[in-house]
Amino acid sequence: MRKKIIKWGVTAASISIIAAALISANIAQAEDSPNLPNSISATNSAENGINALGKLVLAQILRLFTFPDSNYNDYLNKTTVPVNAQQIALGQQIKPLAKNDTLSFLANNSLYVDNALDTQQQYAKVIPTTQQTAQQNAIFFNSGTLLNNMILKPGQAKAAQVYINFLADAGNPVPTPQGSWVNNGTSATTKYLNDLGTYNAQLSTGLNTLYLLFEERKPQTALGGKSALSYDAAAAERRMTPDWYTKITGKQFTPADVSRESLVIQAEQRYELFEIRMQLEQLNTTMTTLQLQLLQSMSKPALIAAEVNAKNGASSGS
């Protein structure tokens, strides 16, 4: 390419010198000629020749920066565009499902448990009591049941659900408030109901994160049986193949196409950075919940005790 530019640069310079000489000669001839119309005609003829020559030189120079026909648009529309569009749609589908799972858990295992003893006995049957049952039921108490699968098959999904239930202490539910005392308006009842609401609000933080991981691993009909996680993994790895390298180094994939492909990859990286931001928000929410729980379980009782001591001290006159 460099040699071509040098070659055409020398050619263009030579042609420019020749053109200048031709123009000077025609102008001189026109000035010496007593026949003015003939002089003007000769000058115009020279100008037309120079214009044609200039266009030819420009066309040759531009050819240095042109490339073969590109198939980049077809490649882009068949690969990157549909994949990226589906990735955005997945986030809009998975998060509402995770929220519904969280609300369902709170309703079935925390807020509205008619008989807490029956629930405890149901979960107690799953707890391993022998070496044999430990081997059979180990999946219900192993985080890998949820995290080590890109796609949860029906049996795996059930095991992951049980794992989440145990992690959220579904086997030891808070009994549903029942009886006339629920509406008596006493300070003790009011405190209990508020504590129940606080407990469920705090419980939802971890549940929402776990169910989001759960929903990302469930097969989706729109993805042909793939999960959102496996689909994203395939999208992230689709350029890590010999086929992609062959395509971008082929004759139909020009240097300009390589630059465009780099721009597309940067745009995808920007999307992934946004996804990381959303995950950091979940992590920050979890940490904030833990900090608030610590305040409520330790600092708040100590503060109330200090108030009682202060009142007792004031009443005793000390």
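Cut-off values and rules
Residues numbered from 1 in each chain as written. Predicted model: local features only at pLDDT ≥ 70, side-chain atom pairs only at ≥ 80, totals over all residues. Heavy atoms only, no water. Helix = DSSP H or I, 4+ residues; strand = E, 2+ residues; numbered from the N terminus. Buried < 20%, exposed > 50% of the residue type's maximum accessible area, 1.4 Å probe, protein only. Contact = heavy atoms within 4.5 Å. Phe/Tyr/Trp six-rings, centres within 6.5 Å; stacked < 30°, edge-to-face > 60°.

Caption draft 1: Highlighting the side chain of Thr176. One can find Thr176 in the loop between α8 (154-167) and α9 (187-216). Given a relative accessible area of 16%, Thr176 falls into the buried group. Residues in contact with Thr176, not counting those within four places in the same chain, are Leu111, Tyr112, Val113 and Asp114.

Caption draft 2: Broad picture of helix α10 (residues 228-237). The complete set of buried residues in α10 reads Ala228, Ser230, Tyr231, Ala233 and Ala235. As for α10, its buried residues are in contact with α4 (80-111) and α9.

Caption draft 3: Representation of the packing of aromatic side chains. Here the structure, examined in full by the defined rule, presents four aromatic pairs. Both rings, one in Tyr211 and one in Phe214, keep their centres 6.2 Å apart while their planes meet at 80°; by these two values the pair is edge-to-face. On the criterion of helical spacing, the pair formed by Tyr211 and Phe214 is a turn pair, its members being three residues apart in helix α9. Judged by its relative accessible area of 3%, Tyr211 is buried. Joined through ring pairs, the aromatic side chains of Tyr123, Phe141 and Phe166 make up one cluster.

This is a description of form; function is not addressed.
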